[in-house]
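Each chain is listed here by its residues.
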Amino acid sequence: MKILIVEDEQLLAESMGEFLKSKGFDVEIVHDGEAGVQYAELGVYDLLILDVMMPKLNGYEVARRLRASHLGTPILMLTAKSALEDRITGLNAGADYYLPKPFDIRELLACVNALLRRQGPQVDELSFGNTTLDLNSAMLRCGANSIRLSAKEFDIMRFLMQAGERNLSKETILSRVWGYDSNAVENHVEVYIGFLRKKLSGIGSNVQIEAIRRLGYHLEVREDA
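Residues numbered from 1 in each chain as written. Predicted model: local features only at pLDDT ≥ 70, side-chain atom pairs only at ≥ 80, totals over all residues. Heavy atoms only, no water.

### Considerations on the packing of helix α2 (residues 33-40) against helix α3 (residues 59-68)
Item 1. Closest axis-to-axis distance for the α2/α3 pair is 9 Å, and the angle between their directions is 25°. Looking at the two axes, α2 sits roughly parallel to α3. As for the relative orientation of α2 and α3, their crossing is right-handed in sense. Side by side, α2 and α3 meet where Gly33, Val37 and Ala40 of the first sit next to Val62, Arg65 and Leu66 of the second.
Item 2. Taken together, the residues of the contact of α2 with α3 break down into four nonpolar, one polar and one charged. (Axes fitted to C-alpha atoms, helices over the stretch in contact; angles between N-to-C directions. Helix = DSSP H or I, 4+ residues; strand = E, 2+ residues; numbered from the N terminus. Parallel < 35°, antiparallel > 145°, perpendicular 65-115°, else oblique. Left-handed = near helix turned anticlockwise from the far one by under 90°. Contact = heavy atoms within 4.5 Å. Nonpolar A, V, L, I, M, F, W, Y, C, P; charged D, E, K, R; others polar.)

### Thoughts on the packing of helix α1 (residues 10-22) against helix α5 (residues 105-117)
Item 1. At their nearest, the axes of α1 and α5 sit 11 Å apart, and the two run at 60° to each other. Relative to α5, the element α1 is oriented oblique. Crossing geometry of α1 relative to α5 is assigned as right-handed. Along its contact with α1, which presents Met16, Phe19 and Leu20, the element α5 presents Ile105, Leu108, Leu109 and Val112.
Item 2. Looking at side-chain class alone, the contact of α1 with α5 contains seven nonpolar, no polar and no charged residues.

### A closer look at the packing of aromatic side chains
Item 1. Counted by the stated rule, this structure contains two aromatic pairs.
Item 2. Relative to tyrosine 192, the ring of tryptophan 178 has its centre 5.6 Å away and its plane inclined at 70°; by these criteria the two rings are edge-to-face. Highlighted residues: tryptophan 178 in helix α7 (residues 170-178) and tyrosine 192 in helix α8 (residues 186-202), separated in sequence by 14 residues.
Item 3. The buried category is assigned to tryptophan 178, whose relative accessible area is 18%.
Item 4. Judged by centre distance (5.3 Å) and plane angle (75°), the ring pair of tyrosine 192 and phenylalanine 195 falls under edge-to-face. Of this pair, tyrosine 192 and phenylalanine 195 both sit in helix α8, three residues apart, which is roughly one turn of the helix.
Item 5. Overall, the relative accessible area of 21% leaves tyrosine 192 in the partly exposed class.
Item 6. Each member of the aromatic cluster is reached from another via a ring pair, and the members are Trp178, Tyr192 and Phe195. (Phe/Tyr/Trp six-rings, centres within 6.5 Å; stacked < 30°, edge-to-face > 60°. Buried < 20%, exposed > 50% of the residue type's maximum accessible area, 1.4 Å probe, protein only.)

### Some thoughts on the pattern of salt bridges
Item 1. A full pass over the atoms with the stated rule returns 14 salt bridges.
Item 2. Among the ionic pairs, aspartate 155 bridges to arginine 158, the shortest N-O distance being 3.6 Å. In this pair, aspartate 155 and arginine 158 are both assigned in helix α6 (residues 151-163), three residues apart and thus about one turn of the helix distant.
Item 3. Owing to a relative accessible area of 13%, arginine 158 belongs among the buried residues under this scheme.
Item 4. One network of salt bridges, with partners in common, ties together Glu7, Glu9, Asp51 and Lys101. (Salt bridge = Lys/Arg side-chain N within 4 Å of Asp/Glu carboxyl O.)

### Section: the sheet that holds strand β5 (residues 97-100)
Item 1. Sheet architecture is open: five strands sit in the order β2-β1-β3-β4-β5, paired in parallel fashion. Only two strands of the sheet have a single partner each, and these edge strands are β2 (26-30) and β5. Averaged over neighbouring strand pairs, the angle between their axes works out to 20° when direction is ignored.
Item 2. Relative to strand β4 (residues 75-79), strand β3 (residues 47-51) runs parallel, the two sharing four bridges. (Pairing = 2+ DSSP bridges.)

### Some words on unusual backbone geometry
Item 1. Here the residue pair lysine 101 and proline 102 is connected by a cis peptide bond, since its omega of -5° sits within 30 degrees of zero.
Item 2. Even without being glycine, lysine 56 reaches a positive phi, approximately 75°.
Item 3. Within the secondary structure, lysine 56 is located in the loop between β3 and α3.
Item 4. Phi at arginine 214 takes a positive value of approximately 70°, unusual for a residue other than glycine.
Item 5. With respect to the secondary-structure elements, arginine 214 resides in the loop between β10 (207-212) and β11 (216-221).

### Looking at the pairing of strand β1 (residues 2-6)
Item 1. Taken across its five residues, β1 has five buried, putting it largely inside the fold.
Item 2. Of the two faces of β1, the one lined by Lys2, Leu4 and Val6 and the one lined by Ile3 and Ile5 are each fully buried.
Item 3. Here five bridges tie β1 to β2, and the two strands are oriented parallel to one another. What sits directly across from valine 6, in β2, is valine 30.
Item 4. The β-α-β motif built from β1, the intervening α1 and the parallel element β2 has right-handed crossover chirality.
Item 5. Here four bridges tie β1 to β3, and the two strands are oriented parallel to one another. Each bridged residue has a counterpart across the sheet, and for leucine 4 the counterpart in β3 is leucine 48. (Right-handed = clockwise from strand over helix to strand, strands pointing away.)

The structure is reproduced here in structure tokens:
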């Protein structure tokens, strides 16, 4: 399960991140509200842990923007503000639960698990068109045909399937798959998109990766398939 932590206190964010990783979660961290919105809108997270007092955009505004864009990802809101009116503001902004600071790390884990249970059992595969991606084996399947993806191919295909018909920019794919500190360039994305197109075709998939100039890539189902 993938969790995004949006918290400007870096030590707290890193502490939460390491603890949740030790419990088997895949965790990413950003430190301001604008980055929180940009990451969350990718739609690839199972849970958002959102601080209230942050630079650029506060947590209330982040939650409002995400809910206005119809993002249904559960939000656990953290804040030192524990007054009733503050809790009501957070819940009305779109938070699913409100955890005041300071908190016991065990309480954080209990809240995370409770919110994730509402989402049903963990998904082990993603589907689009007549094609599925097994998240455990990195196998791309279409009917009786299957092919194993490399690590980079798997990450890109997973993000594309999670985004569906929404565009993912080359910059977003680069940062998510190669990391911000990588020397990779946009041509790397183009090369791996080419690999994936060949593999989709090779297993008889009706899924195609469409490129939109300056907007990036998204998936479509071929009408002639």
